[in-house]
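# Structural description and commentary
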Amino acid sequence: MTATVVTPPTTDPVRENALPDVYDRVESEVRSYCRNWPATMASARGSWMTDTSGRQYLDFFAGAGALNYGHNNPVLKAPLIDYLSQDSIVHSLDMATAAKTEFLETFERLILRPRSLDYKVQFPGPTGANAVESALKLARKVTGRESIINFTNAFHGMTLGALSVTGNSMKRAGAGIPLVHATPMPYDNYFGGITEDFHWFERVLDDSGGGLNHPAAVIVETVQGEGGLNVARMEWLRALAELCQRRDILLIVDDVQMGCGRTGAFFSFEEAGIVPDIVTLSKSISGYGLPMALTLFRRDLDVWAPGEHNGTFRGHNPAFVTATKALETYWKSATFAENTAAKGQHVRDRLESIAAAHEGISARGRGMAQGLKCEEKDLAAAICATAFERGVLMETSGPSDEVIKLLPPLTTSTEDLDAGLDILAEAVATTVS
Ligand code: PMP
């Protein structure tokens, strides 16, 4: 089914120019991944992609977390093909359809009820940013307040509301207008453990001279994926949830990248034992890489008027079909989450040994979101470029692109994980020396 041997590096000297000229001529300069991975992709299965020349790549990026169950997973593909071949409903705004009914019932039965989560489900539009925008709007509408607390190095998307709670200065600058009504606070370990947690946040909340309006909500990622794989400690997350409750501030967990099993459990906050007021999900919720997003919130927060937040693509039925099948296949028991935790530990152990052999490189991450932080400027990008040449797709993250971030599909076999990690180890060794 999936190949297990990585194609040896080609000696093609012009890989940088390997894309057809139409990309340069027609596609905007804003394109990015095709610059780092200059290959025209033709097909994909599981953890492997194949380019038009037949070269294979082990995909350790998985659509930035949108392909937790791998490319073209045959278990999800079969009902999708059946659905399409029967002329079933593809587009339906937010009308009722059989596919949507089945998704909602399955999500309630396999995800919400077993976790005692009494959430309402909103379809906010197909992207993570759509989910974040609706979460921010709802928090403001419920509380009648404007201000949102976000965290240093947070990433929540590219639309204006989501950008206002995003840290990255280059991305923020793209807005072209002031990004307002959001105040950044230090994320866990921002001061290297020197400053007491929430010291600043609590202090300005208490101080009538602190200059902080009573916030509507705090938005947080349990692991900052784009921000450099910064992992919040469970006790930090619990203290944050407790602070929000005590201060009457809504807690939004953005689980767009770390949800759907990336850290082990379905939701990344489960391990901390917290229950956010609002949760955003996207990326792997459809299971097949099809666009889909959800905003979940406490039943009593459902103050939306009908149609107050809408959008044309909130009823992408093929995504409902694959999402339902993914939940039925992987989330009926604890096995998948346990396997992910075990694989994550395996990846971590291997990264620790790579880090131990190289000064200035350290391992970080949680579950199957693991990586290497490189102190030396531009080293992470150089290692990723070498890994690409040797047939592995991996990307950098962090404010200075200093972290190599690995997000392999959760279905990747240990054999394939090891094949990719062997290549990473070689890429580190050859790039560093
Ligand atoms: N939130 C988080 C935590 C994300 O990682 C991302 C995407 N990387 C988004 C929101 C935005 O999702 P999208 O790109 O689908 O708009």
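Residues numbered from 1 in each chain as written. Predicted model: local features only at pLDDT ≥ 70, side-chain atom pairs only at ≥ 80, totals over all residues. Heavy atoms only, no water.

An unreviewed UniProt entry lists the protein chain under the name Diaminobutyrate--2-oxoglutarate transaminase, with Mycolicibacterium gilvum as the source organism. According to the UniProt record, the Cofactor (unreviewed entry) comment for the protein chain reads "pyridoxal 5'-phosphate". What UniProt states about the protein chain under its Sequence similarities (unreviewed entry) heading is, verbatim, "Belongs to the class-III pyridoxal-phosphate-dependent aminotransferase family." (UniProt positions renumbered as here; feature names shortened; annotations may be inferred.)

## Quick look at the site of the ligand
In the vicinity of the ligand, the contacting residues are Thr-127, Gly-128, Ala-129, Phe-155, His-156, Gly-157, Glu-221, Glu-226, Asp-254, Val-256, Gln-257 and Lys-283. Here a nitrogen atom of the ligand sits 3.4 Å away from a polar atom, N or O, in the side chain of Glu-226. The side chain of Asp-254 places a nitrogen or oxygen atom 2.6 Å from a nitrogen atom of the ligand. In isolation the ligand has 390 Å² of accessible area, and contact with the protein removes 81% of it. (Near = heavy atom within 4 Å. Polar contact = N/O pair within 3.5 Å; in protein donor to acceptor, adjacent residues only side chain to side chain. Areas by Shrake-Rupley, 256 points an atom, 1.4 Å probe, with all protein chains shown as cover.)

## A short note on the packing of helix H4 (residues 74–85) against helix H11 (residues 317–330)
For the pair H4 and H11, interaxial distance at closest approach is 9 Å and the crossing angle is 145°. Judged by the twist between their axes, the crossing of H4 over H11 is right-handed. Facing Val-75, Leu-76, Pro-79, Leu-80, Tyr-83 and Leu-84 of H4, the residues of H11 in contact are Asn-317, Pro-318, Val-321, Thr-322, Lys-325, Ala-326 and Thr-329. Of the residues in the contact of H4 with H11, the class split is nine nonpolar, three polar and one charged. (Axes fitted to C-alpha atoms, helices over the stretch in contact; angles between N-to-C directions. Helix = DSSP H or I, 4+ residues; strand = E, 2+ residues; numbered from the N terminus. Left-handed = near helix turned anticlockwise from the far one by under 90°. Contact = heavy atoms within 4.5 Å. Nonpolar A, V, L, I, M, F, W, Y, C, P; charged D, E, K, R; others polar.)

## Here we look at the nonpolar core
Counting 87 residues, the largest nonpolar core has Phe-107, Phe-201 and Leu-424 as its most contacted members. Lining this core are residues from two domains, each supplying at least three of them: domain 1 (13–41 + 335–432) and domain 2 (76–330). The contacts of Leu-424, once residues within four sequence positions are left out, are Leu-351, Ile-354, Leu-372, Ile-383, Met-394, Ile-404 and Leu-406. Counting 17 residues, the second-largest nonpolar core is a separate cluster that includes Ala-139, Leu-250, Phe-297 and Trp-304. (Core = buried A, V, L, I, M, F, W, Y, C linked by side-chain atoms within 4.5 Å. Buried < 20%, exposed > 50% of the residue type's maximum accessible area, 1.4 Å probe, protein only. Domains from an automatic or database assignment.)

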